[in-house]
Amino acid sequence: MSRVTFDLPRALREGTILPIAPDDPELDTPALLVDLDIVDANIARMQVFADSEGFLLRPHAKSHKSLAIANRQLQARASGLCVATPSEAEVLGASSADDILVAYPLVGARKLERVAELALQGRLTLVSDSLNVTAGYRDFASRLGVTIPVLVEVDTGMNRAGVEPPLVPGIALDVARSPSLEFLGIMTHAGHAHDAPTADGIAIVARREAQVMGDVRADLERAGLVVPVVSAGSTLTSPFLRASDGITEIRPGTYVYNDLRTLGRFACEPENIAASMLATIVSINGTRITMDAGNKTLTSSRDAVYGYGRLAEREDVVVARMSEEHGVLAAPTHDHGYSVGDRVRILPIHVCVWMDLQSEVYGTRGGVVVETISVDGMRRSL
Ligand SMILES: Cc1ncc(COP(=O)(O)O)c(C=O)c1O
């Protein structure tokens, strides 16, 4: 029996000649727009920061999951890429990156199989935080006949993965003594900076990240290990880190597009948010404005400052609630001026999860759609 398959539907009708205006009916909604002038500026600004501080910049590709955007970052002199899963690594392996860091402990043969090609090409770095994980890497690398560089993950307070600082030397020495592995250094992610409500609170988290990583580096050097890489720093914490802390590389991700979470944590300005979701108003009743983007598109990410998000063009029209395909906007008064059929743009709360749900996004310049950008790493959770 033959199996019928359906391609994912695309917002932009195939064959449409660009540029077109965002309200062109050839572009269906919901459609994710990214302002490429803002993207270019965000990439350049972070690269200038990294260069001026003496850091290598290894962007986390989870925020865009796109070869075209990764190559823009690499052309701007990013030193490599970071990914969260082996299947993202498979996809981003087609970029021009010399090295891909999978910043996640990989457990199980199926996970490791996916990164074998990159390991054979000498373009893979792995992360471990236990003797168990390291043992899996050792067997994998010796079966492939390669040496794989490994970073040991340090928990600097996020309490998600990573070892407590005093336990790092034990894990690191085990890596260093493994013939098929190379101890390359240490990494951390201080994602708990998002929980800090004030700018000072974020600075405190970041300075602790720097202090702990510097201390761990010194401990490892005292134990006789060379520590070529100390990788830390997100969009929120990177601005507070210094090379004199002993850090060699930063791995921000969200900065490429930015979102309301980043804005609410003082890490960008409103004009640095490149992504917005184009949606069509399908129903109005007084101050209730319902659009065709619900939580299947916008996700139910919620922020302490910005709730479920708001319109790009009007701060006072907020996303009040969502069901799967309906997003309900609340306007402050009845005379909001919107009609059924109008198009609106919603700003993201958490842009990385938006990207996971789109097969392609639409690049704009000067307010018109000029480019289709494939989200090659969409739904690569394995
Ligand atoms: C391990 C790791 N490194 C770097 C990042 C980048 O963080 P951000 O997107 O806040 O810059 C993340 C984000 O989740 C992460 O999990």
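So, a few notes on the structure that sits alongside this text. (Residues numbered from 1 in each chain as written. Predicted model: local features only at pLDDT ≥ 70, side-chain atom pairs only at ≥ 80, totals over all residues.)

The next subject is the nonpolar core. In this structure, Leu92, Ile100, Val102, Ile186 and Ile346 are the most contacted members of the largest nonpolar core, which totals 111 residues. Here the element with the most residues in this core is helix H8 (residues 199-222); it accounts for eight residues. (Core = buried A, V, L, I, M, F, W, Y, C linked by C-beta atoms within 7 Å. Buried ≥ 20, exposed ≤ 12 C-beta atoms within 10 Å, placed from the backbone. Helix = DSSP H or I, 4+ residues; strand = E, 2+ residues; numbered from the N terminus.)

This brings us to the site of the ligand. Lining the immediate environment of the ligand, one finds 13 residues, of which His189, Ser234, Thr235, Gly253 and Thr254 sit closest. Here the residues of the shell around the ligand are counted per class, giving four nonpolar, eight polar and one charged. (Near = placed C-beta within 6 Å. Nonpolar A, V, L, I, M, F, W, Y, C, P; charged D, E, K, R; others polar.)

The next subject is the sheet that holds strand S4 (residues 100-102). Backbone hydrogen bonds are what pair the strands of a sheet, in a parallel or an antiparallel way. Strand order across the open sheet formed by eight strands is S2-S9-S8-S7-S6-S5-S4-S3, with parallel pairing between neighbours. For this open sheet the edge positions go to strand S2 (56-57) and strand S3 (81-83), each flanked by a neighbour on one side alone. Two elements, strand S5 (residues 124-128) and strand S6 (residues 148-153), share three bridges in a ladder whose sense is parallel. What sits directly across from valine 127, in S6, is leucine 151. (Pairing = 2+ DSSP bridges.)

Among all positions in helix H2 (residues 67-75), only Leu67, Ile69, Ala70, Arg72 and Gln73 are buried. As for H2, its buried residues are in contact with helix H1 (36-53), S3, helix H3 (86-92) and strand S16 (368-374). Backbone geometry just after H2 places arginine 77 at a positive phi near 85 degrees. (Contact = placed C-beta atoms within 7 Å.)

Moving on, we get to the environment of alanine 109. When you line up the elements, alanine 109 lands in helix H4 (residues 109-114). C-alpha of alanine 109 to C-alpha of tyrosine 137: the two residues are 28 residues apart in sequence and 9.7 Å apart in space.

Before going further, it helps to examine the environment of asparagine 285. Of note, asparagine 285 is situated in strand S10 (residues 275-285). Asparagine 285 sits in the exposed class, given 9 other C-beta atoms within 10 Å. For the pair formed by asparagine 285 and alanine 312, sequence separation is 27 residues and the distance between their alpha carbons is 21 Å.

What follows is about the pairing of strand S13 (residues 327-330). With burial as the criterion, only one face of S13 is covered, namely that bearing Gly327 and Leu329; the residues Val328 and Ala330 on the opposite face remain uncovered. Here four bridges tie strand S11 (residues 288-291) to S13, and the two strands are oriented antiparallel to one another. Note on S13: the bridge partner recorded for methionine 291 is glycine 327. Looking at chain direction, strand S12 (residues 318-322) and S13 are connected through four bridges and run antiparallel. The residue of S13 that forms the bridge with valine 318 is alanine 330.

With that out of the way, let us pick up the pairing of S10. One ladder, built from four bridges, connects strand S1 (residues 31-35) with S10; its direction is antiparallel. Its bridge partner lying in S10, alanine 31 is registered against leucine 278. Bridge analysis of S10 against strand S14 (residues 343-346) gives four bridges, and the strand direction is antiparallel. When the sheet's bridge partners are listed, threonine 280 is paired in S14 with arginine 343. Bridging between S10 and S11 involves four bridges; their strand directions are antiparallel. What sits directly across from serine 283, in S11, is threonine 290.

Another point: the packing of helix H7 (residues 168-176) against H8. Their axes nearest at 10 Å, the elements H7 and H8 cross at an angle of 50 degrees. Here H7 is positioned oblique relative to H8, judged by the angle of their axes. Pair H7 / H8 crosses with right-handed handedness. Only Val216, Asp219 and Leu220 of H8 make contact with H7, whose side of the interface consists of Val168, Pro169 and Ala172. In the contact of H7 with H8, the residues fall into five nonpolar, no polar and one charged. (Axes fitted to C-alpha atoms, helices over the stretch in contact; angles between N-to-C directions. Parallel < 35°, antiparallel > 145°, perpendicular 65-115°, else oblique. Left-handed = near helix turned anticlockwise from the far one by under 90°.)

Below, the discussion takes up helix H6 (residues 131-144). Its 14 residues place the ends of H6 20 Å apart at the C-alpha level, agreeing with the 20 Å of an ideal helix rising 1.5 Å per residue. Looking at H6, one finds that the buried residues are Val133, Thr134, Tyr137, Arg138, Phe140 and Ala141. Buried residues along H6 sit against H4, helix H5 (116-120), S5, S6, H7 and strand S7 (181-187). In the stretch just after H6, glycine 145 is the one whose phi turns positive, near 75 degrees. (Expected span 1.5 Å × (residues − 1).)

Across the junction of leucine 18 and proline 19, the peptide omega takes the value 5 degrees, indicating a cis bond. Examined against the element boundaries, proline 19 turns out to sit in the segment before S1. Not every positive phi belongs to a glycine, and asparagine 159 is a case in point at roughly 65 degrees. Along the chain, asparagine 159 falls in the loop between S6 and H7. Notably, asparagine 258 is not glycine yet its phi reads approximately 65 degrees, a positive angle. Its 26 C-beta neighbours within 10 Å are what place asparagine 258 among the buried residues.

Take the environment of glycine 253 next. Note that glycine 253 resides in the loop between strand S9 (249-250) and helix H9 (260-264). The class for glycine 253 is buried, based on 22 C-beta atoms found within 10 Å. Not counting the four nearest positions on each side in its chain, glycine 253 is found in contact with Pro59, His60, Lys62, Ser63, Thr235 and Cys352.

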